[in-house]
Amino acid sequence: MDPQIVAVAGAAGTAIVSAMAADGWQRARDGVVALWQRFRPESAEAVHADFEGNRRVLVDSLQAGDERTRAALIAAWNGYFLGLLVAQPNALDALRHLNTVLTQESASGPPPSLKMTAHASGKAQVFQAGRDQKITQS
């Protein structure tokens, strides 16, 4: 078997299971289902149901502190993707793209929040900025 296919399937399995536990899990689900609809449409509904069920199991297990379930789900999704790529080698680029999108989303995470408070009295001045600020005074 082509080691490149195994590597891409493994990376995608990890990315999908990580995305299942994140806030943007619906986007990951939609990406996986779209991939199956494109390359194995007869299995798309089953993959959708499996994703939903696996997500519930993952969330429950993580809340219980069980990391073994996460590892098992990664192995299962590695198998899903490996099976897809063996049956449809032309799905490799699409799976790479999905993996890249999910990896970038998980790396960037939610935007940081910022709360600033200032109190000035008398002739004091307060300058606050969430990022760059240029102050010029005459």
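Refer to the structure above for everything that follows.
Given the structure is predicted, the values throughout are model-derived calculations rather than measurements. (Residues numbered from 1 in each chain as written. Predicted model: local features only at pLDDT ≥ 70, side-chain atom pairs only at ≥ 80, totals over all residues. Heavy atoms only, no water.)

### Here we look at the nonpolar core
Consideration 1: By size, the foremost hydrophobic cluster in this structure holds 31 residues, and its most contacted members are Ile-16, Leu-35, Trp-77 and Phe-81.
Consideration 2: Broken down by secondary-structure element, the contributors of at least two residues to this core are α1 (3-20), α2 (25-39), α3 (44-63), α4 (68-87) and α5 (92-108).
Consideration 3: With 9 residues, α1 is the largest single contributor of residues to this core.
Consideration 4: Ignoring any residue separated from it by four or fewer positions in sequence, one finds Trp-77 in contact with Gly-13, Ile-16, Val-17, Met-20, Val-32, Val-47, Asp-50, Phe-51 and Asn-54. (Core = buried A, V, L, I, M, F, W, Y, C linked by side-chain atoms within 4.5 Å. Buried < 20%, exposed > 50% of the residue type's maximum accessible area, 1.4 Å probe, protein only. Helix = DSSP H or I, 4+ residues; strand = E, 2+ residues; numbered from the N terminus. Contact = heavy atoms within 4.5 Å.)

### Concerning the pattern of salt bridges
For side chains bearing opposite charge, pairing can occur when the charged atoms are close.
Consideration 1: In the structure shown here, the tally under the stated rule is 4 salt bridges.
Consideration 2: Between Asp-30 and Arg-29 there is a salt bridge whose closest N-O contact spans 3.1 Å.
Consideration 3: Classification of Asp-30 by relative accessible area gives partly exposed; the value is 43%.
Consideration 4: With its nearest N and O atoms 3.3 Å apart, the salt bridge here joins Glu-42 to Arg-40. (Salt bridge = Lys/Arg side-chain N within 4 Å of Asp/Glu carboxyl O.)

### What to know about the side chain of Arg-29
Consideration 1: Mapped onto the secondary structure, Arg-29 falls in helix α2.
Consideration 2: With relative accessibility at 15%, the residue Arg-29 sits in the buried group.
Consideration 3: In terms of polar contacts, Arg-29 uses its side chain to reach the side chain of Asp-30, at 3.1 Å.
Consideration 4: Other than its neighbours up to four places away in sequence, Arg-29 contacts His-48, Phe-51 and Glu-52. (Polar contact = N/O pair within 3.5 Å; in protein donor to acceptor, adjacent residues only side chain to side chain.)

### Quick notes on the packing of α2 against α4
Consideration 1: Where α2 meets α4, the closest approach of the two axes is 12 Å, and the angle between their N-to-C directions is 25°. One way to sum up the angle between α2 and α4 is to call them roughly parallel. Relative to α4, α2 is oriented so that their crossing is left-handed. Facing α2, whose interface residues are Val-32, Leu-35, Trp-36 and Phe-39, α4 presents Trp-77, Tyr-80, Phe-81 and Leu-84.
Consideration 2: Residue composition of the contact of α2 with α4, grouped by class: 8 nonpolar, no polar and no charged. (Axes fitted to C-alpha atoms, helices over the stretch in contact; angles between N-to-C directions. Parallel < 35°, antiparallel > 145°, perpendicular 65-115°, else oblique. Left-handed = near helix turned anticlockwise from the far one by under 90°. Nonpolar A, V, L, I, M, F, W, Y, C, P; charged D, E, K, R; others polar.)

### Comments concerning the side chain of Asn-99
Consideration 1: By secondary structure assignment, the location of Asn-99 is in helix α5.
Consideration 2: Given a relative accessible area of 14%, Asn-99 falls into the buried group.
Consideration 3: With residues up to four places along the chain from it excluded, the contact list for Asn-99 reads Ala-11, Ala-12 and Ala-15.

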